[in-house]
Protein chains: 2
Amino acid sequence: MRSDAERNYARILSAAKTIVAKQGAQASLRDVARRAEVGMGTLYRHFPTREALLETLLRDRFEALAAKAAALESARDPFAALAEWLREFLSWTPFRGLASALMATLSDQESALHASCHAMRQAVGRLLARAQESGQVRPEVDSLDLFALVNAVGWVSEQAPDLAARQERLLGFVLDGLASQQDDADSRECR
Amino acid sequence: MRSDAERNYARILSAAKTIVAKQGAQASLRDVARRAEVGMGTLYRHFPTREALLETLLRDRFEALAAKAAALESARDPFAALAEWLREFLSWTPFRGLASALMATLSDQESALHASCHAMRQAVGRLLARAQESGQVRPEVDSLDLFALVNAVGWVSEQAPDLAARQERLLGFVLDGLASQQDDADSRECR
DNA sequence: ACCTGAACACCGTTCAAGT
DNA sequence: ACCTGAACACCGTTCAAGT
């Protein structure tokens, strides 16, 4: 990579980090180029799609989360390990629209973000399987359910500050819903 | 209302219904005006904001859902009644972005959609209270939790067709999470 | 190789000019 | 009273022209 290209690449990423944090995933790419003091064509040369740019902003974090999941595989309590990973996942909210961007990667197999997410999803899938083998999580739950629900909680938290404040609570409800149920529907009536 | 105004109002609504169903809540207002064969100023005269247009598209349904909730207040099983209302709520998916639009009304007290939603939220709040009084739902859940979580499930369903297919399943998990829990965290371990 | 920025086709919003 | 559509300031994307 030519030195001016390398410099521009770094400037764009730095600008994008700021602008996307402020404006969300739908931030103006023109604003990014302006802040990076770079022509629009330069931005497109380095990041052919908006998604490629977001992927570069997110990649490191996904790798870290995948590593965290791998580490938690040897935890004593598989359910607690799963819960801890999910809390960790939700604790990082780099910009509005993240939940939506992550869900979009499910359909779009070609995208850079899809690849970036895949290892992480595999790793948390193993955490889920362990929690199911130990009988703590309902056997019919799969990793898509889990990924969808945790992103749903993340999405809710993006919607309003007072909902962000409830994030742990809401995750708790969802986790209890995924946990093995001891009571059936009948016993719930008139207790 | 002058007769040409009345005609334009109806044409705009009809066009909006089609375009918004296709493009979602972020549909192009220009496309709506074009399809209605109306100038942009006419659209703005009748619907000063995008939200006002959406509110008019949604109002009847919200009233029906509020009425449904009121009717379910006298049901024998309050938990089943709540579950039925939530399924009914989720069964109607007029366009992408609905969940987001509904959540936005929470912060924006001035909006037309906020008013439209309020009666419905009150009504389902009473369903929730009944289910709590009967001991079927955890006492710490409030109606904002419930509204957030049901919209979260609706949002997930907007993200991909195979997630829409899981909507009932996901709602089931969430409902079980809100239901009174018989087991505590310790008893979940190594069962 | 890489960068620039004008060009193009869109968009939301406003408002002078019409009837 | 209501309607029209051009005008304005944006946007994403492309690409001829430069170095």
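Values in this document were obtained by computation on a predicted structure and should not be read as measured data.

Applying the stated criterion across every chain, the model contains 5 aromatic pairs over all chains. For the pair Trp 85 of chain A and Phe 89 of chain A, a centre-to-centre distance of 5.4 Å together with 20° between the ring planes defines the contact as stacked. Pair noted here: Trp 85 of chain A and Phe 89 of chain A are both in helix H5 (residues 78–91), with a separation of 4 residues, about one helical turn. On the basis of relative accessible area, Phe 89 of chain A is assigned to the buried category, the value being 7%. Consider the rings of Trp 155 of chain A and Trp 155 of chain B, whose centres lie 5.3 Å apart with planes at 10°: the pair is stacked. Of this pair, Trp 155 of chain A sits in helix H8 (residues 143–159) while Trp 155 of chain B sits in helix H8 (residues 143–159), which puts the two residues in different chains. We note that Trp 155 of chain A, like Trp 155 of chain B, is buried. We note Arg 121 of chain A situated over the ring of Phe 147 of chain A; from NZ or CZ to the ring centre the distance is 5.3 Å.

Another aspect to go through is helix H2 (residues 29–36) of chain A. All names here are of chain A. Restricting attention to buried positions, one finds in H2 the residues Leu 29, Val 32, Ala 33 and Ala 36. Mapping the buried residues of H2 onto a view down its axis gives an arc of 95°, with all of them on the same face. Pointing more than 90 degrees away from the buried face of H2 are the exposed residues Arg 30 and Arg 34. Its side-chain oxygen 3.3 Å from the backbone nitrogen of Arg 30, Ser 28 forms the N-cap of H2.

It is worth spelling out the domain arrangement of chain A at this point. Residue and element names in this part refer to chain A. According to the domain assignment, chain A contains domain 1 (1–48) and domain 2 (51–181). Between the C-alpha centres of domain 1 and domain 2 there is a distance of 28 Å. Taken together, the contact between domain 1 and domain 2 spans 14 residues of the former and 9 residues of the latter. Contact with domain 2 buries area across many residues of domain 1, yet Val 20, Ala 25 and Phe 47 alone supply 44% of it, more than any other trio. Summed over the shared surface of domain 1 and domain 2, the result is 0 salt bridges. Taken together, the connections running from domain 1 to domain 2 amount to 3 residue pairs in polar contact (both at pLDDT 80 or more). A per-element tally of the side of domain 1 that touches domain 2 places helix H1 (residues 3–23) first, with 9 residues.

Parameters at a glance
Residues numbered from 1 in each chain as written. Chains lettered and ligands numbered in written order. Predicted model: local features only at pLDDT ≥ 70, side-chain atom pairs only at ≥ 80, totals over all residues. Heavy atoms only, no water. Phe/Tyr/Trp six-rings, centres within 6.5 Å; stacked < 30°, edge-to-face > 60°. Helix = DSSP H or I, 4+ residues; strand = E, 2+ residues; numbered from the N terminus. Buried < 20%, exposed > 50% of the residue type's maximum accessible area, 1.4 Å probe, protein only. Lys NZ or Arg CZ within 6 Å of the ring centre and 35° of its normal. Arc of directions from axis to C-beta. Polar contact = N/O pair within 3.5 Å; in protein donor to acceptor, adjacent residues only side chain to side chain. Domains from an automatic or database assignment. Contact = heavy atoms within 4.5 Å. Buried area = accessible area lost by both parts, 1.4 Å probe. Salt bridge = Lys/Arg side-chain N within 4 Å of Asp/Glu carboxyl O.

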